[in-house]
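Chains, contacts and geometry: an overview
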Amino acid sequence: MKRIPYKTYLPEEKLPQMWYNVRADMSEQPDPMIHPGTHEPMTLEQIAPIFVEELCRQELDDTTRYIDIPGEVMDYYKTYRPSPLCRAYHLEKALDTPAKIYYKFEGNNTSGSHKLNSAIAQAYYAKQQGLEFLSTETGAGQWGTALSMACAFMGLDLRVYMVKGSMQQKPYRKTVMETYGAGVIASPSDTTQVGRKILDENPGTIGSLGCAISEAIEAAMGKGDSCRYALGSVLNHVLLHQSIVGLEAKAAMEMLEEYPDVVIGCAGGGSNLGGMMSPFIQDRLLGRRSPVFIAVEPSSCPSLTRGRYSYDFGDTGCTTPLLKMYTIGSCYIPHPNHAGGLRFHGMSPILSKLRHNGIIEARAVPQKSVFEAAALFAKYETILPAPESSHAIRVVIDEALRCKEASEAKTILFSLSGTGYFDMTAYNSYLDGSMTDYIPTDEDLEASFATLPNV
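The following paragraphs examine the structure supplied in this document. (Residues numbered from 1 in each chain as written. Predicted model: local features only at pLDDT ≥ 70, side-chain atom pairs only at ≥ 80, totals over all residues. Heavy atoms only, no water.)

Re helix α6 (residues 142–154)
Within an α-helix, residues lying three or four positions from one another point in the same direction, as the helix has 3.6 residues per turn. Heads up, the condition is: What counts as a helix is a DSSP run of H or I of at least four residues, what counts as a strand is a run of E of at least two, and both are numbered from the N terminus. For a helix, the expected span equals 1.5 Å multiplied by the residue count minus one. Summary of the burial criterion: residues with accessible area below 20% of their type's maximum are buried, those above 50% are exposed, and those between are partly exposed, where the area comes from a 1.4 Å probe applied to protein chains only. Here a residue-residue contact requires only that any non-hydrogen atoms of the pair lie within 4.5 Å.
Its 13 residues give α6 an end-to-end C-alpha distance of 18 Å, which sits within 8% of 18 Å, the value for a rise of 1.5 Å per residue. Within α6, eleven of the 13 residues are buried, leaving the element largely enclosed by the surrounding structure. Along α6, the residues classified as buried are Gln 142, Trp 143, Gly 144, Thr 145, Ala 146, Leu 147, Ser 148, Met 149, Ala 150, Cys 151 and Met 154. Among the structural elements, α3 (71–77), α5 (116–128), β6 (133–138), β7 (157–163), α8 (171–179) and α16 (387–406) are those in contact with the buried residues of α6. Directly beyond the C-terminal end of α6, a positive phi value near 75° is found at Gly 155.

A word on the sheet that holds β6
Stated precisely, the cut-off is as follows: Here, a strand pair is defined by DSSP locating no fewer than two bridges between the strands. Axes, fitted as lines to C-alpha atoms, cover a helix only where it is in contact. Angles between the N-to-C directions of the axes lie from 0 to 180 degrees.
With parallel pairing, the four strands of this open sheet are ordered in space as β8-β7-β6-β9. In this open sheet, the two strands that pair with only one neighbour each are β8 (183–187) and β9 (227–229). Strand after strand, the sheet turns through a mean of 20° between neighbouring axes, direction not considered. In this structure, β6 lies alongside β7, joined through six bridges in parallel fashion. Residue pairing in the sheet places Thr 136 in a bridge with Val 160 of β7.

Brief notes about the pairing of strand β11 (residues 292–298)
The element β11 is largely enclosed, with a buried count of six among its seven residues. As paired strands, strand β10 (residues 262–266) and β11 are joined by five bridges and run parallel to one another. Along β11, the bridge assignment pairs Ile 264 with Ile 294. Looking at chain direction, β11 and strand β14 (residues 360–365) are connected through six bridges and run parallel. In the sheet register, Glu 297 faces β14, and the bridge partner there is Ala 364.

Side note on the sheet that holds β10
Spatially, β1-β4-β5-β15-β10-β11-β14 is the arrangement adopted by the seven strands of the open sheet, whose pairing is mixed. A single partner strand is all that each edge strand has here, and the edge strands are β1 (7–8) and β14. Alignment of β1 against strand β4 (residues 85–87), held across two bridges, turns out to be antiparallel. Bridge pairing in β4 links Lys 7 to Cys 86. Here helix α15 (residues 367–381) sits on the sheet and contacts β4, β5 (100–105), β14 and β15 (411–416); the angle it forms with β14, its principal contact strand, is near 100°.

Describing the packing of aromatic side chains
Selection rule: Pairing of aromatic rings covers Phe, Tyr and Trp, the last through its six-membered ring, and needs centres within 6.5 Å; plane angles under 30 degrees mean stacked, over 60 mean edge-to-face, and all others mean tilted. The rule is short: NZ of Lys or CZ of Arg within 6 Å of the ring centre and within 35 degrees of the ring normal puts a charge over the ring.
Under the defined criterion, the tally for this structure stands at 14 aromatic pairs. Relative to Tyr 66, the ring of Tyr 20 lies with its centre 5.5 Å away and its plane at 45°, an arrangement referred to as tilted. Here Tyr 20 is found in strand β2 (residues 18–20), whereas its partner Tyr 66 is found in strand β3 (residues 66–68), with 46 residues between them in sequence. Accessibility expressed as a relative area gives 1% for Tyr 20, which makes it buried. Seen from their ring centres, Tyr 103 and Phe 414 are 5.6 Å apart, and the 35° between their planes marks the pair as tilted. Here Phe 414 lies in strand β15 and Tyr 103 lies in strand β5, a separation of 311 residues in the sequence. Just as Tyr 103 is buried, Phe 414 falls in that class too. Grouping aromatic residues by their ring pairs yields a cluster made of Tyr 76, Tyr 77, Tyr 80 and Phe 153. Here the basic side chain of Arg 289 rests over the ring of Tyr 259, its NZ or CZ set 3.9 Å away from the ring centre.

Let's talk about the pattern of salt bridges
Opposite charge on two side chains makes pairing possible when the charged atoms of those side chains draw close. Selection rule: The term salt bridge refers to a pairing of a side-chain nitrogen on Lys or Arg with a carboxyl oxygen on Asp or Glu at a separation within 4 Å.
On inspection of all chains with the given rule, the structure shows 27 salt bridges. Here Arg 57 makes a salt bridge to Glu 53, at a shortest N to O gap of 2.6 Å. With Arg 57 and Glu 53 both in helix α2 (residues 53–60) and four residues apart, this pair spans about one turn of that helix. Residue classification places Arg 57 among the partly exposed positions, given a relative accessible area of 40%. Here Lys 104 ties to Glu 248 by a salt bridge, and the two come within 2.7 Å at their closest N and O atoms. Taken together, the positions of Lys 104 in strand β5 and Glu 248 in helix α11 (residues 236–255) put the pair 144 residues apart, joining distant regions of the chain. Taken together, the shared-partner salt bridges in this structure form one network comprising Arg 81, Lys 104, Glu 106 and Glu 248.

Examining the packing of α15 against α16
Where we set the bar: Should an angle lie under 35 degrees it is considered roughly parallel, over 145 roughly antiparallel, and from 65 to 115 roughly perpendicular; all remaining angles are considered oblique. Residues were grouped as follows: Ala, Val, Leu, Ile, Met, Phe, Trp, Tyr, Cys and Pro as nonpolar; Asp, Glu, Lys and Arg as charged; and all remaining residues, including Gly, as polar.
At a closest axis distance of 8 Å, the pairing of α15 and α16 adopts a crossing angle of 85°. One finds that α15 runs roughly perpendicular with respect to α16. On α16, the residues that touch Ser 369, Val 370, Phe 371, Glu 372, Ala 373, Ala 374, Leu 376 and Phe 377 of α15 are Pro 387, Ser 390, His 391, Ile 393, Arg 394 and Ile 397. For the contact of α15 with α16, the residue count by class is nine nonpolar, three polar and two charged.

Looking at the nonpolar core
Cut-off, in case you're wondering: By nonpolar core we mean a set of buried residues, namely Ala, Val, Leu, Ile, Met, Phe, Trp, Tyr and Cys, connected to one another through side-chain atoms within 4.5 Å.
Ranked by size, the top nonpolar core spans 75 residues in total, and within it Trp 19, Tyr 77, Leu 134 and Ile 360 carry the most contacts. Ignoring any residue separated from it by four or fewer positions in sequence, one finds Leu 134 in contact with Val 52, Ala 123, Ala 126, Leu 147, Cys 151, Leu 156, Asp 157, Leu 158, Arg 159, Cys 227, Arg 228 and Ala 230.

Quick notes on unusual backbone geometry
Backbone torsion omega between Arg 81 and Pro 82 reads 5°, so that peptide bond is classified as cis. Counting through the fold element by element, Pro 82 comes out in the loop between α3 and β4. In this model, Ser 187 is joined to Pro 188 through a cis peptide bond whose omega is 5°. Within the secondary structure, Pro 188 is located in the loop between β8 and α9 (193–201). The phi dihedral of Asp 96 falls on the positive side, at around 55°, and the residue is not glycine. Relative to the elements of secondary structure, Asp 96 occurs in the loop between α4 (89–95) and β5. Residue Asp 96 is classed as exposed on the basis of its relative accessible area of 53%. One non-glycine residue, Glu 257, adopts positive backbone phi at about 60°. Mapped onto the elements, Glu 257 comes out in the loop between α11 and β10.

Honestly, it's all geometry; don't read function into it.
Here's what the structure looks like:
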């Protein structure tokens, strides 16, 4: 029997030349982004003062199945793409499972993650529009690093609001962003009106992605027509750009004459999850194949598993348009554990709709079991995974062990979306036994649900 290689790379001439827009194949569209005052769907003219104009067009486009990747973005992709599709032979052997485990490794660039795929596209369109600045937030630092790299390449200035708790856990992420020329501010801060308000109400807060988003939007709006806000997850255009991950994975598996029975990804805002799953979800939507899709989130921030499918703000300061999504409430401040970039109160409207319609399953896992899985993976597959990606690894291992118990030779595919080399505080906490698990009570969540807007 022919042995499948450990790593499979697409030839450069087979790199996808277009992004895939899964909304074009959804029989039920995600509910529209709406204005918080009128509750009417937002128009291009209404969101263009916040986001880059071409990204606004992509955000609202639910009919164009494939969108050309601009040549300059394609050339930049080729500096670090294709990323490898890897067969986890050693992990399979350690688990003594009949399952075949594949992972798409997105950590082979300085950002250490998949985030660069959308960052370079957003910076390119900003440059084409004649903008001089971008403003953004970052949780674990992957998105901030990626956009710093992209803005440096495109000659744009960048300000990054980094969640204070994450900056304390991994200060060298700030150093990397500053090396690329970005200005980095711990959020919440006293540099914005919303930041000062949050600090007045909760002086000891370690912040959240929702807080940082509020500050980044305010900073962008304060610079007028020279600046726009850039978001690294959740929104439709980000999932569009990240489809490059799933498209490459699918093409590489076709080269190997393989197809996944189960596709698994970690879930925070949805960029990694949606990017990997979208091309395979297309097969299910069109009736061609029927893989199982599993989204894995932290038990400490359980939007998909315990949240409400409701309209909510994307930020703590309640400045964004309203999005229909699974949410635990924009005022919810996640526990300062090591779930990193997965500590967001909501979820992509696209993935929320797919979850609501039963296309995607969701599981929540506590962090000690996540790091147990991360350590096992690192031991046998050599890569130290990011805490975010390790949530997916936890469920991959669980699924592989179920295959062992049932003597089922399923093919499992997951996205190894980033590396954990900046997460030594987290790994040290796991190794010295000081790591604890936090799971919000029903009362905690109900208090947050009570603040959801009435739509």
